[in-house]
Amino acid sequence: MAHGTRDEVLGRLAEAVGSVTVAHPTRVAIDGPPAAGKTTLADELAVVLRAQGRAVIRATIDDFLFPGAQRYPRGEYSAEGCYFDTHDHGSLTRVLLDPLGPDGDRRFRHAVYDPTTDTVLSPPVTTAPTDAVLLFDGVFLMRPELIDRWDLRVFVSIALEATVERAVLRERRRSSRADVERRWRERYIPSQQFYNATVRPTEHVDIIVRNDDPRRPVWETGPDRRAGNSAARGARGAAGPAT
């Protein structure tokens, strides 16, 4: 485990991405609970990688939601619904992850849903360069139907209780404190607890970024549970041994 400045951690992440040797675009998962700082980290990492000359594809799980009319069969505050009914993993793999994978043609779409209008999208197909990097942030990315489609796996960790106050600040212009707290305590936090208990995501990632203090994040390499995984070995080489 190593403390560092934010720029140092971003540099280590960029080195880990650069260490992945695959013959197709590198698919990077940035997993973690809501309000952990995943999107900000991915956006900042994209800047670093682009400055190094890499083509970066930015995408997020929020652009692969089912429309609102389909998302809440178990109720708006259901934790089970958050995990099982929210995300269109079939479209995610079909239009983005598999086209960028080892048997893909690199012709992809970065989204199928517009969260601002709650409508289905069909953006133009784009062809990725072979050495492009997909930085994909979202919740539940280590779940069984997705885990084998990532070439580098990052988990942004934070105490779940701390996400509540972050969420209140982030959403204060759209929702009341009472509504945000209810959604977090009834839906989002219990769904993360279910995910942690059943999937154990931190046991399957290459890198853990403990983001309780975003200015001084803590870097930790995850256990290598995939024999021969070059991404995990590369991440360790970039960061040094875990302690």
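Residues numbered from 1 in each chain as written. Predicted model: local features only at pLDDT ≥ 70, side-chain atom pairs only at ≥ 80, totals over all residues. Heavy atoms only, no water.

### Comments concerning the overall build of the chain
Scanning the chain for helices and strands turns up eight helices and 11 strands. Over its C-alpha atoms the chain spans a radius of gyration of 17 Å, differing by no more than 12% from the 18 Å that the globule rule assigns to 243 residues. Along the longest, intermediate and shortest principal axes, the C-alpha atoms of the chain span 45 × 40 × 30 Å. Going through the 243 residues of the chain one by one, you find that 52% of them count as buried. Relative to all contacts within the chain whose residues are 6 or more apart in sequence, the contacts with residues 24 or more apart total 70%. When the accessible surface of the chain is summed, it comes to about 11200 Å², and 50% of that surface belongs to carbon and sulfur atoms. Side-chain charges in the chain split into 34 positive and 34 negative, and the spacing between the mean points of these groups amounts to 1 Å. (Helix = DSSP H or I, 4+ residues; strand = E, 2+ residues; numbered from the N terminus. Rg over C-alpha atoms; globule rule 2.2 N^0.38 Å. Buried < 20%, exposed > 50% of the residue type's maximum accessible area, 1.4 Å probe, protein only. Contact = heavy atoms within 4.5 Å. Areas by Shrake-Rupley, 256 points an atom, 1.4 Å probe, with all protein chains shown as cover. Lys, Arg positive; Asp, Glu negative; His and termini not counted. Charge placed at Lys NZ, Arg CZ, Asp CG, Glu CD.)

### Things to note about the nonpolar core
Within the largest apolar cluster, 32 residues are counted, with the highest numbers of intra-cluster contacts made by L96, F136 and M142. Of all the elements in the fold, those that place two or more residues in this core are β3 (56-60), α4 (79-84), α5 (89-97) and β8 (133-138). Looking at this core, the element that brings in the most residues is α5, giving four residues. Not counting residues within four places of it along the chain, the set of residues in contact with M142 comprises A29, D31, I147, W150, R153, Y195, V199, P201, H204 and V205. Listed in part, the 25 residues of the second largest apolar core include V20, A42, V133 and I158. (Core = buried A, V, L, I, M, F, W, Y, C linked by side-chain atoms within 4.5 Å.)

### Thoughts on the pairing of strand β2 (residues 26-31)
Of all six residues in β2, six are buried, a share of seventy percent or more. Pairing of β2 with β8 involves six bridges; the strand directions are parallel. Residue pairing for β8: I30 is matched across the bridge by D137. Here four bridges tie β2 to strand β9 (residues 152-157), and the two strands are oriented parallel to one another. Across the sheet, residue I30 finds its bridge partner in β9, namely V154. (Pairing = 2+ DSSP bridges.)

### Considering the sheet that holds strand β11 (residues 218-221)
Read from one edge to the other, the open sheet built from seven strands follows the order β1-β11-β10-β9-β2-β8-β3, with strand pairing classed as mixed. The sheet is open, and its two borders are formed by β1 (2-3) and β3, each paired with just one other strand. Taken strand by strand, helix α2 (residues 38-51) contacts β2, β3, β8, β9 and β10 (207-210), and its axis lies near 170° from that of β8. In the packing of α5 onto the sheet, contacts are made with β2, β3 and β8, and the angle to β8 comes to roughly 165°. (Axes fitted to C-alpha atoms, helices over the stretch in contact; angles between N-to-C directions.)

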